Amino acid sequence: MKPLKSSTPLARWLLRLSLAAFILFAYFDTFKGFGFENLEFYFASIYVIFGALLFIGGFLSKSSLTVLSAFILFLLSVYLLIKSFSGDIGEQWLEYLLPASIAFYFLSTGNDN
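Quick caveat, the model's predicted, so the values are computed rather than measured.

Visitor: I'd like a rundown of the overall build of the protein chain, residues and numbers included.
Guide: Tallying secondary structure elements over the protein chain gives four helices and zero strands in all. From first element to last, N terminus to C terminus, the protein chain shows the α and β order α-α-α-α. By principal-axis analysis of the C-alpha atoms, the protein chain measures approximately 45 × 30 × 20 Å. The 113 residues of the protein chain split such that 30% are buried. Restricting to contacts in the protein chain with at least 6 residues of sequence separation, those with at least 24 account for 64%. Entry remark: accessible area of the protein chain is about 7300 Å², with carbon and sulfur atoms responsible for 71%.

Below, the structure written as structure tokens:
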């Protein structure tokens, strides 16, 4: 069976949409709280801002905004993944592995159509 290559643009937009929805549900409440003294606020802010920029980058013809946003999201996700490692791989890893994987995909492909 051959892959359905004509659906690749739709798949890319579904990845963007799923990342945006994940960030919205996981980090927007922390971002909305404006807790400047809390380090989690800054992590949530980076996720919300660069997640939105990655989504917006899909509408542009050049892929530099998408790649830059994906790079920042990937680095932050890997940092938090390593920081949260407590000796066992559990459910908390999904919180960082999912955005890292999607960000790495857009880091490597950009807006290729």
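Visitor: Lay out the nonpolar core with the relevant residues and their values.
Guide: By size, the foremost hydrophobic cluster in this structure holds 20 residues, and its most contacted members are Tyr27 and Tyr47. Those elements that provide at least two residues to this core are α1 (8-32), α2 (39-57), α3 (64-84) and α4 (94-109). The biggest single contributor to this core is α2, with six residues. Among residues more than four places away in sequence, those in contact with Tyr27 are Phe22, Ala44, Tyr47, Val48, Glu95 and Tyr96.

Visitor: Give me the packing of α2 against α3: which residues, what numbers.
Guide: Each pair of packed helices gets described by two things: the angle between the helix axes and the distance between those axes. At a minimum axis separation of 8 Å, α2 and α3 run at an interaxial angle of 150 degrees. Our classification of the angle between α2 and α3 gives roughly antiparallel. Two packed elements cross with a definite hand, and for α2 against α3 that hand is left-handed. Across from Leu39, Phe43, Ile46, Tyr47, Phe50, Gly51, Leu53, Leu54, Ile56 and Gly57 in α2, the residues of α3 making contact are Leu65, Thr66, Ser69, Ala70, Ile72, Leu73, Leu76, Ser77, Tyr79, Leu80 and Lys83. Looking at the contact of α2 with α3, its residues break down into 15 nonpolar, five polar and one charged.

Visitor: Could you give an account of the packing of aromatic side chains, with specific residues and numbers?
Guide: All told, the structure shown has ten aromatic pairs when counted by the stated rule. Their ring planes at 40 degrees and their centres at 5.9 Å tell us that Phe28 and Phe31 sit as a pair that is tilted. Placement of both Phe28 and Phe31 in helix α1 is noted, with a separation of three residues, approximately one turn of the helix. Ring plane angle 40 degrees and centroid distance 5.2 Å describe the contact between Phe74 and Phe104, whose orientation is recorded as tilted. Taken together, the residues span a long stretch of sequence, with Phe74 in helix α3 and Phe104 in helix α4 at a distance of 30 residues. Put simply, the rings of Phe28, Phe31, Phe41 and Tyr42 pair up and form one aromatic cluster. Its end group placed over the ring of Trp13, Arg16 keeps NZ or CZ at 4.9 Å from the ring centre.

Visitor: Account for the pattern of salt bridges, with residues named and values stated.
Guide: Working definition: two side chains of opposite charge can pair if their charged atoms are close together. The full count for this structure, using the stated rule, is one salt bridge. Two residues, Lys32 and Asp29, come together in a salt bridge whose shortest N-O distance is 3.7 Å. Here Asp29 and Lys32 lie together in helix α1, a separation of three residues that amounts to about one turn. Here Asp29 falls in the exposed class, since its relative accessible area comes to 56%.

Reading guide: rules and limits
- Residues numbered from 1 in each chain as written.
- Predicted model: local features only at pLDDT ≥ 70, side-chain atom pairs only at ≥ 80, totals over all residues.
- Heavy atoms only, no water.
- Helix = DSSP H or I, 4+ residues; strand = E, 2+ residues; numbered from the N terminus.
- Buried < 20%, exposed > 50% of the residue type's maximum accessible area, 1.4 Å probe, protein only.
- Contact = heavy atoms within 4.5 Å.
- Areas by Shrake-Rupley, 256 points an atom, 1.4 Å probe, with all protein chains shown as cover.
- Core = buried A, V, L, I, M, F, W, Y, C linked by side-chain atoms within 4.5 Å.
- Axes fitted to C-alpha atoms, helices over the stretch in contact; angles between N-to-C directions.
- Parallel < 35°, antiparallel > 145°, perpendicular 65-115°, else oblique.
- Left-handed = near helix turned anticlockwise from the far one by under 90°.
- Nonpolar A, V, L, I, M, F, W, Y, C, P; charged D, E, K, R; others polar.
- Phe/Tyr/Trp six-rings, centres within 6.5 Å; stacked < 30°, edge-to-face > 60°.
- Lys NZ or Arg CZ within 6 Å of the ring centre and 35° of its normal.
- Salt bridge = Lys/Arg side-chain N within 4 Å of Asp/Glu carboxyl O.

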